[in-house]
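Residue-level structure breakdown
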Amino acid sequence: MARSNSAAARCSRAGAPATVPLRPSVSSSLHSAASGSAPLHYQWQFNGTNIFGANDPAYTLAPTGPTHRGNYTVIVSNAAGVAVSVRASLRFGERGPIV
């Protein structure tokens, strides 16, 4: 569940594990689910820094590589407030689901 200073903007990563193992050279996507009064504005972050141009409900890494290892969050906002998703940590070197 997201932390929010407003009930009007909420976001979550429904069904996604907090730590996700990835395979190199495969496209992967992170998805958010948000509700609130339109318009909703999205900003994905990597290790706390905004990702230029990552302003949609989903963020795709294509293809993935070691430089993508780290923590991802999405900030969703509207006129009523801001919500920040829980962190998704991406790592390499283990077999597992692809986000």
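For every chain, the first residue of the written sequence is number 1, and numbering continues from 1 along that sequence. Given that this is a predicted model, residues contribute local features only at a pLDDT of at least 70 and side-chain atom pairs are listed and counted only at 80 or more, while totals for whole chains, interfaces and linings are drawn from all residues. As a rule here, side-chain values cover all heavy atoms of the structure and leave hydrogens and water aside.

**Quick look at the overall build of the protein chain**
Helix and strand assignments come from DSSP, with helices taken as H or I runs of at least 4 residues and strands as E runs of at least 2, each series counted from the N terminus. Looking only at helices and strands, the protein chain features zero helices and eleven strands. Beginning at the N terminus, the succession of helices and strands in the protein chain can be written as β-β-β-β-β-β-β-β-β-β-β. For the exposure calls, accessible area comes from a 1.4 Å probe over protein chains only, and a residue counts as buried if that area is under 20% of its type's maximum, exposed if over 50%, partly exposed in between. In the protein chain, which comprises 99 residues, the share counted as buried stands at 36%.

**Some thoughts on the environment of Ser-32**
Assignment of secondary structure puts Ser-32 in the loop between β4 (28–31) and β5 (33–35). Put simply, Ser-32 and Asp-56 are 24 residues apart on the chain and 8.9 Å apart in space, counted from C-alpha to C-alpha. Polar contact is defined as a pair of N or O atoms within 3.5 Å, subject to the rule that within protein one atom must be able to donate a hydrogen and the other to accept it, and that residues adjacent in sequence are counted only when both atoms are side-chain atoms. From its side chain, Ser-32 meets the backbone oxygen of Pro-57 in a polar contact 2.8 Å long.

**Some points on the environment of Pro-39**
Relative to the helices and strands, Pro-39 is located in the loop between β5 and β6 (41–46). Owing to a relative accessible area of 53%, Pro-39 belongs among the exposed residues under this scheme. C-alpha of Pro-39 to C-alpha of Ala-79: the two residues are 40 residues apart in sequence and 8.1 Å apart in space. Not counting chain neighbours up to four residues away, the residues in contact with Pro-39 comprise Ser-77 and Asn-78. It only takes one pair of heavy atoms within 4.5 Å for two residues to be counted as in contact.

**A word on the side chain of Ser-29**
Turning to its location among the elements, Ser-29 is positioned in strand β4. A polar atom in the side chain of Ser-29 sits 2.9 Å from the side chain of Thr-60.

**Considerations on the nonpolar core**
Most often, soluble globular proteins keep nonpolar side chains buried together rather than apart. Working definition of a nonpolar core: buried Ala, Val, Leu, Ile, Met, Phe, Trp, Tyr and Cys residues. They are joined through side-chain atoms within 4.5 Å. In terms of nonpolar packing, the biggest core is built from 13 residues, with Leu-30, Trp-44, Ile-51, Tyr-59, Tyr-72 and Leu-90 touching the most fellow members. Secondary-structure elements contributing two or more residues to this core are β6, β8 (58–61), β9 (70–78) and β11 (88–92). Considering every element that reaches this core, the biggest residue donor is β9, with three residues.

**Examining the pairing of β9**
When DSSP finds at least two bridges between two strands, those strands are taken to pair. Bridge count for β6 against β9 is six bridges, and the pairing is antiparallel. Among the inter-strand pairings, His-41 is bridged to a residue of β9, identified as Ser-77. Alignment of β9 against β11, held across three bridges, turns out to be antiparallel. For Gly-70, the partnering residue across the bridge sits in β11 and is Leu-90. Here β9 pairs with strand β10 (residues 81–84) via four bridges, running antiparallel. Bridge pairing in β10 places Ile-75 opposite Val-84. The hairpin formed by β9 and β10 contains two residues between the paired strands.

**A look at unusual backbone geometry**
In this chain, Ala-38 is followed by Pro-39 through a cis amide linkage whose omega measures -5 degrees. With an omega dihedral of -25 degrees, the bond running from Ala-62 to Pro-63 counts as a cis peptide bond. Along the chain, the position of Pro-63 falls in the loop between β8 and β9. Of note in this structure, Asn-47 is not a glycine but carries a positive phi near 50 degrees. Checked against the element boundaries, Asn-47 lands in the loop between β6 and β7 (49–50). Residue Asn-47 is classed as partly exposed on the basis of its relative accessible area, which comes to 44%.

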